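A look at the structure
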Number of protein chains: 2
Amino acid sequence: MRSHSHTASAVTTQSEAYSPCENCNVAQMSLCHALSCEELRELSAISTSLEVGRGVTIINETDSADYLFNVTAGSIKLFKLLPDGRRQMTGFLFPGDFLGIAMNDLYAYSAEAIEDSRLCRFPREKLEGLLSRLPQLENRLLNMVSHELVLAQDQMLLLGRKTAVEKVSSFLITLVKRGGESSADKHLVPLPMGRSDIGDYLGLTTETVSRTLTNLKKQKIIAIPSGGGIEILDQESLNELAEGLD
Amino acid sequence: MRSHSHTASAVTTQSEAYSPCENCNVAQMSLCHALSCEELRELSAISTSLEVGRGVTIINETDSADYLFNVTAGSIKLFKLLPDGRRQMTGFLFPGDFLGIAMNDLYAYSAEAIEDSRLCRFPREKLEGLLSRLPQLENRLLNMVSHELVLAQDQMLLLGRKTAVEKVSSFLITLVKRGGESSADKHLVPLPMGRSDIGDYLGLTTETVSRTLTNLKKQKIIAIPSGGGIEILDQESLNELAEGLD
DNA sequence: GCGTCATATTGACCTACATCAAAGACACAG
DNA sequence: CTGTGTCTTTGATGTAGGTCAATATGACGC
């Protein structure tokens with residue numbers, strides 16, 4: 001990691017590595033959750049671990065959807081493009097999340113590494129074979145996709161009906177909720193993506209994101225320490241701003 | 001049907017009706033698709049048919065998610081609300097679609113009948129019991145939810161990055177695609193929902209939807225016959241408008 | 001240290017869409 | 001046929017957030 005190359009990613013098949021999935025630190029929140037040892041072994045047999053540097057494209061919208069992925073380290077951005085280049089982020093992924101949803105065997109979005117990251121890769125055909133034999137796995141996948149769908153609906157409400165402040169506040173809150181467990185201080189949320197990525201996620205411009213953040217800073221609701229990340233000073237006000245309660 | 005009452009819906013358990021699901025006309029596109037006779041019998045044993053009049057609320061956001069539904073006739077709107085009443089439609093459902101996705105055992109959205117409609121209702125607990133025994137059913141559900149997720153991502157692109165014309169054009173096109181098979185003339189799309197419902201689906205106001213439609217009419221791209229519905233006169237131009245290709 | 005490059009912030013101005021307000025257009029009841 | 005309520009269309013005006021442009025800030029290499 002820490003290689004800042006934008007070149008093709010290093011690939012290691014799990015058979016080369018020792019103890020492939022058994023001691024995976026994200027298993028409890030990933031696709032592999034709730035699988036028996038035996039089932040885990042079957043899954044690991046078809047998986048490949050790969051590392052990608054910051055900025056590397058993992059999948060391309062409309063490419064043939066040959067693989068599914070599970071993020072194990074770093075962070076990934078998902079997005080769709082319009083012909084003239086307008087971009088909409090459809091999600092940010094962190095360890096435990098999966099990607100590779102398809103429509104007619106084509107990926108529904110592009111994915112790119114925000115920082116150096118690691119993923120588990122499963123050939124779609126082999127995984128679908130496993131699904132019919134491992135009902136636990138299929139059930140797990142169903143739960144993960146359903147959860148994604150609920151989040152997508154929240155995002156529709158945000159994109160269609162919230163103001164800039166409400167959007168930015170909501171975004172910060174979801175980051176707190178997700179990163180909550182991992183960070184020592186719950187109130188300092190890491191922000192690996194740039195302002196323009198955030199803008200494209202919230203349906204705003206870079207400039208509006210920046211202005212809104214400085215307004216929140218002036219109101220002492222957040223602090224923006226140099227070195228990245230955002231510090232939440234007044235969670236209560238932020239919650240109210242996010243729902244338009246003022 | 002055709003009852004315009006807004007009262008509680010009539011309920012009939014499938015056991016009362018003869019041949020409950022075997023001759024269901026929407027089976028091939030619904031949850032029940034790809035099930036064997038035996039499996040279909042198991043599913044029908046836990047299902048209840050119910051009819052709802054126009055305007056009747058089927059589920060309420062944040063209510064306990066005790067049931068899943070499959071639409072068999074009519075049309076349903078799904079939406080989420082902000083505390084101050086702003087509304088975002090998350091989808092319109094037609095025969096074959098399902099609803100009842102939950103988050104922490106609470107419904108993620110409200111659902112209301114746009115016109116007199118019929119649904120199949122499944123108690124969640126019993127259905128989940130069936131899922132573990134009928135892998136075909138679980139697989140079917142996974143495919144349906146995945147498909148929903150892809151559509152949700154398209155909608156995010158629309159809400160976050162498209163202009164009013166692009167939004168309305170895209171909306172008309174998806175209606176053509178969905179209703180294509182059922183209508184005799186492919187170019188006349190039914191529009192059971194009102195302008196304000198469309199606005200809340202596209203992140204626009206009623207007025208902007210109306211203005212945009214009359215613009216498209218002036219350009220001879222669509223016609224708006226009295227009696228409801230929209231006639232597509234120039235599908236090609238509409239496709240281009242939807243993607244911002246001009 | 002200093003220059004370079006990428007990203008973030010701030011300011012001045014503009015426009016697409018919202019808001020507010022007033023007619024039309026139907027559907028239905030009596 | 002006429003009144004009433006609901007939904008749609010059209011017009012006049014306002015504004016949140018976009019666009020364009022100029023610094024500022026920071027990370028990294030040398």
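Placed above this text is the structure.
A brief structural summary. Given the structure is predicted, the values throughout are model-derived calculations rather than measurements. (Residues numbered from 1 in each chain as written. Chains lettered and ligands numbered in written order. Predicted model: local features only at pLDDT ≥ 70, side-chain atom pairs only at ≥ 80, totals over all residues. Heavy atoms only, no water.)

Digging into the protein's contact with DNA strand C
Our working definition: Only heavy atoms are used to decide nearness, and a residue is near a molecule or strand if one of them lies within 4 Å of it. Pairs of N or O atoms are called polar contacts if they sit within 3.5 Å, as long as, within protein, a hydrogen donor faces a hydrogen acceptor (for residues adjacent in sequence, only side-chain-to-side-chain pairs). Secondary structure elements are defined from DSSP: runs of H or I of at least 4 residues count as helices, runs of E of at least 2 residues count as strands, and each element is numbered from the N terminus.
DNA strand C sits among 15 residues. The nearest are Arg195(A), Thr214(A), Ala164(B), Thr208(B) and Arg211(B). The sugar-phosphate backbone supplies 64% of the atoms of DNA strand C found within 4 Å of the protein. For DNA strand C, a base nitrogen lies 2.9 Å from a polar atom in the side chain of Arg211(A). In the model, a phosphate oxygen of DNA strand C is placed 2.4 Å from a nitrogen or oxygen of the Thr208(B) side chain. Mapped onto the surface near DNA strand C, the elements with two or more residues apiece are α6 (206–218) of chain A together with α6 (206–218) of chain B. Of the residues forming the surface near DNA strand C, the biggest block, 4 residues, is contributed by α6(A).

Quick notes on the sheet that holds strand β6 (residues 87–93) of chain B
Residues and elements named next belong to chain B. Quick note on the threshold: A pair of strands is considered paired only if DSSP assigns at least 2 bridges between the two. In this description, a line fitted to the C-alpha atoms serves as the axis of each element, helices being fitted only across the stretch in contact, and the angle between N-to-C directions of two axes falls anywhere from 0 to 180 degrees. In this analysis, two residues are considered to be in contact whenever any of their non-hydrogen atoms come within 4.5 Å of each other.
Within the open sheet, the 4 strands sit side by side as β3-β10-β5-β6. Their pairing is antiparallel. Of all the strands in the sheet, just β3 (57–59) and β6 have a single pairing partner and so form its edges. Averaged over all pairs of adjacent strands, the angle between their axes in this sheet comes to 30°, without regard to strand direction. In terms of strand pairing, strand β5 (residues 76–81) meets strand β10 (residues 110–113) through 4 bridges, oriented antiparallel. Bridge pairing in β10 places Lys 77 opposite Glu 112. Packed onto the sheet, helix α5 (residues 195–202) meets β5 and β6 and runs at close to 105° relative to β6.

Regarding the relation of the copies chain A and chain B
In plain terms, the rule: Superposing copies: least-squares fit, C-alpha atoms only, residues required to have pLDDT of at least 70 in both.
After a rotation of 180° and a shift along the axis of 0.0 Å, chain A superposes on chain B with an RMSD of 0.0 Å. Within this description, the copies of the chain are treated as partners about a two-fold rotation axis. Interface overlap between copies: 100% of the residues of chain A at the interface are likewise at the interface in chain B, consistent with a symmetric, same-surface contact.

Describing empty space enclosed by the protein
Gaps between atoms show up when a probe of the same size as a water molecule is rolled over them. Basically, it comes down to this: Site definitions follow a grid-based scheme: protein atoms alone, a 1 Å grid, a 1.4 Å probe that fits but cannot get out for cavities, and for pockets an open set with protein on both sides within 12 Å along at least five of seven lines, plus lining residues having an atom within 4 Å of a point. Grid points are joined across faces, edges and corners, and a volume is the space filled by probe spheres set on the points. Each residue is assigned to one class: nonpolar for Ala, Val, Leu, Ile, Met, Phe, Trp, Tyr, Cys and Pro, charged for Asp, Glu, Lys and Arg, and polar for all the others, Gly among them.
Counted under the stated rule, the structure contains 4 cavities of 30 Å³ or more. In this structure, the largest cavity occupies an estimated 50 Å³ of space. If you trace the largest cavity, you find it lined by Leu149(A), Gln153(A), Leu78(B), Phe98(B), Ile101(B), Tyr109(B) and Glu148(B). A class-by-class count of the residues in the lining of the largest cavity yields 5 nonpolar, 1 polar and 1 charged.

Quick look at the packing of aromatic side chains
All names here are of chain B. Threshold: Only the six-membered ring of Trp is used, alongside the rings of Phe and Tyr, when aromatic pairs are assigned; centres must lie within 6.5 Å, and planes under 30 degrees apart are stacked while those over 60 apart are edge-to-face, with the rest tilted. Burial classes: relative accessible area under 20% of the type maximum marks a residue as buried, over 50% as exposed, and values in between as partly exposed (1.4 Å probe, protein chains only). Whether a charge sits over a ring comes down to the Lys NZ or Arg CZ being within 6 Å of the ring centre and within 35 degrees of the ring normal.
The full count for this structure, using the stated rule, is 8 aromatic pairs over all chains. Seen from their ring centres, Tyr 67 and Phe 69 are 6.4 Å apart, and the 55° between their planes marks the pair as tilted. Accessibility expressed as a relative area gives 4% for Phe 69, which makes it buried. Considering the side-chain rings of Phe 92 and Phe 171, the 6.1 Å spacing of their centres and the 55° angle between planes classify their relative orientation as tilted. Of this pair, Phe 92 sits in strand β6 while Phe 171 sits in helix α4 (residues 164–179), and the two are 79 residues apart along the sequence. Comparing Phe 92 with Phe 171 shows no difference in burial state: the two are buried. The ring centre of Phe 79 lies 5.6 Å from the NZ or CZ of Arg 87, which sits over that ring. When the ring centre of Tyr 67 is taken as origin, the NZ or CZ atom of Arg 121, which lies over that ring, is 4.3 Å away.

The values reported here are purely geometric and, on their own, carry no functional implication.
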